[in-house]
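# Summary of structural features
Each chain is listed here by its residues.
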Amino acid sequence: MNIHYLTLFPEMYEGVLNASILKRAQEKNIVAYHLVNFRDYSLSKHNKVDDYPYGGGAGMVLKPEPVFNAMDALDLKNPRVVLMSPQGRPFDQKMAESLSKADDIVFICGHYEGYDERIRTLATDEVSIGDYVLTGGELPSMAMTDAVVRLIPGVLSREESHQKDSFSTGVLEHPHYTRPREFRGMKVPDVLLNGNHRLIEEWRMEESFKRTRERRPDLLDDRN
Ligand code: ADE
């Protein structure tokens, strides 16, 4: 998979893409990350990327030319073009699964007040990572990259498998414990120590549903 980031701040990505599982996915040649500073595609004298809004008002608007020119320069195969915006569809695990099957993903990351409306015609998806406003689309695109790349076959080892993730199963994960059996007076539940796998499975399922009911009843409504 090729992932392209159209951004004015490519330096923001260095630490995130070059650590842990995102780095490993790149080393295994499962993904390649491409950072494109679309300021380089501005045709104006001072590499302007934004301008005053027609009709007046506060704030600046991202110009269409640099973004369109940067897109034109990419060699893409059936891409998903994701415009990062708080007005977009809320990102979720289903969308991550769907994106993990793409050959090319382009993240368009705006800053400033907003996009010239014509930039929206480039996008196959307009996505928000939550009901709060960030200073730009870079952090959201990195969060989405993390959620997507770990789902690509071969990226996670068997031990790291995502099959039981919260949201893949539709319920939150059950509690986990490791050694020691007792820590600062807090004990591991007996059922996990008795080696009865049927009882352990039952306990985990009950805890999963209990936790989901308490914390995210909306997930159970979604499943009917
Ligand atoms: N850009 C600014 N805020 C955002 C958000 N919540 N989601 C996606 N992109 C954004």
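Residue positions are given per chain, counted from 1 along the sequence in the order it is written. In view of the model being predicted, local features appear only for residues whose pLDDT reaches at least 70, and side-chain atom pairs are presented and counted only at 80 or more, with totals across whole chains, interfaces and linings using the full set of residues. Calculation of side-chain values draws on the structure's entire complement of heavy atoms; hydrogens and water are dropped beforehand.

### Quick word on the environment of R120
So the rule is basically this: Note on conventions: DSSP H or I runs of at least 4 residues are helices, E runs of at least 2 residues are strands, and numbering of each starts at the N terminus. Contacts are residue-level and defined by heavy atoms, with any inter-residue pair within 4.5 Å sufficient. Polar contact is the term for a pair of N or O atoms within 3.5 Å; when the atoms are in protein, one must be able to donate a hydrogen and the other to accept it, and sequence-neighboring residues count only if both atoms are side-chain atoms.
Take R120: it is sitting in the loop between β7 (114-115) and β8 (125-128). Note: C-alpha distance between R120 and L83 (37 residues apart in sequence) is 7.3 Å. Discounting residues that sit within four places of it in the chain, R120 has contacts with L83, S85, Q87, Y115 and E126. At 3.4 Å, the side chain of R120 forms a polar contact with the side chain of Q87.

### Remarks on the packing of aromatic side chains
Our working rule: Put simply, two rings from Phe, Tyr or Trp (the six-membered ring, in Trp's case) pair if the centres are within 6.5 Å, and we call them stacked under 30 degrees between planes, edge-to-face over 60, tilted for the rest. Throughout this description, buried means an accessible area under 20% of the type-specific maximum (1.4 Å probe, protein chains only), exposed means over 50%, and partly exposed covers the range between.
All chains considered together, the criterion is met by two aromatic pairs. Relative to F107, the ring of Y5 lies with its centre 5.6 Å away and its plane at 15 degrees, an arrangement referred to as stacked. Taken as a pair, Y5 in strand β1 (residues 2-7) and F107 in strand β6 (residues 104-108) lie far apart in primary sequence, 102 residues in all. You'll find Y5 and F107 in the same group, each marked buried. Through a chain of ring-to-ring contacts, the aromatic side chains of Y5, Y13 and F107 assemble into a single cluster.

### Quick word on the domain arrangement of the protein chain
Operational definition: Here the bounds of each domain stem from an automatic or database domain assignment.
Its domain assignment divides the protein chain into domain 1 (2-149) and domain 2 (164-220). Each of domain 1 and domain 2 has a C-alpha centre, and the two are 37 Å apart.

### So, the site of the ligand
Rule in force here: If a single non-hydrogen atom of a residue is within 4 Å of a molecule or strand, that residue counts as near it. The protein chains shown are the only cover counted for residues, whose accessible areas, like all others here, come from Shrake-Rupley with a 1.4 Å probe. Cavity and pocket criteria rest on a 1 Å grid covering protein atoms alone: a 1.4 Å probe that fits but cannot get out defines a cavity, protein on both sides within 12 Å along at least 5 of 7 lines defines an open pocket, and an atom within 4 Å of a point defines a lining residue. For a molecule to be placed in a cavity or pocket, more than half of its atoms must lie within 2 Å of the grid points of that cavity or pocket. Here the nonpolar group is Ala, Val, Leu, Ile, Met, Phe, Trp, Tyr, Cys and Pro; Asp, Glu, Lys and Arg are the charged ones; every other residue, Gly included, is treated as polar.
The local shell around the ligand consists of M84, S85, P86, V127, S128, I129, G130, Y132, V133, L134, G136 and P140. In the environment of the ligand, a nitrogen atom lies 3.0 Å from a nitrogen or oxygen atom belonging to the backbone of I129. When the ligand is considered free in solution it has 260 Å² of accessible area, and contact with the protein chains removes 96% of it. Because more than half of its atoms lie within 2 Å of the grid, the ligand is assigned to the second largest pocket. When contributions to the shell around the ligand are tallied by element, the ones reaching two or more residues are β5 (80-90) and β8. Tallied by class, residues from the shell around the ligand come to eight nonpolar, four polar and no charged.

### Structural notes on the pattern of salt bridges
Operational definition: Whenever Lys or Arg places a side-chain nitrogen within 4 Å of a carboxyl oxygen from Asp or Glu, that contact is recorded as a salt bridge.
Tallied over the full model, the rule gives 12 salt bridges. One salt bridge in this structure joins E160 and R24, with 3.0 Å as the shortest N-O distance. One end of the pair, E160, is in the loop between α5 (138-149) and β9 (182-183); the other, R24, is in helix α2 (residues 20-27), and 136 residues separate them in sequence. Judged by its relative accessible area of 29%, E160 falls in the partly exposed class. Assessed through its relative accessible area of 28%, R24 is described here as partly exposed. Between D125 and R80 there is a salt bridge, with its nearest N and O atoms 2.9 Å apart. Linking D125 in strand β8 with R80 in strand β5, this pair joins segments that are 45 residues apart in sequence. Assessed through its relative accessible area of 19%, R80 is described here as buried. What you see here is one network of salt bridges that share partners, running through E117, R120 and E126.

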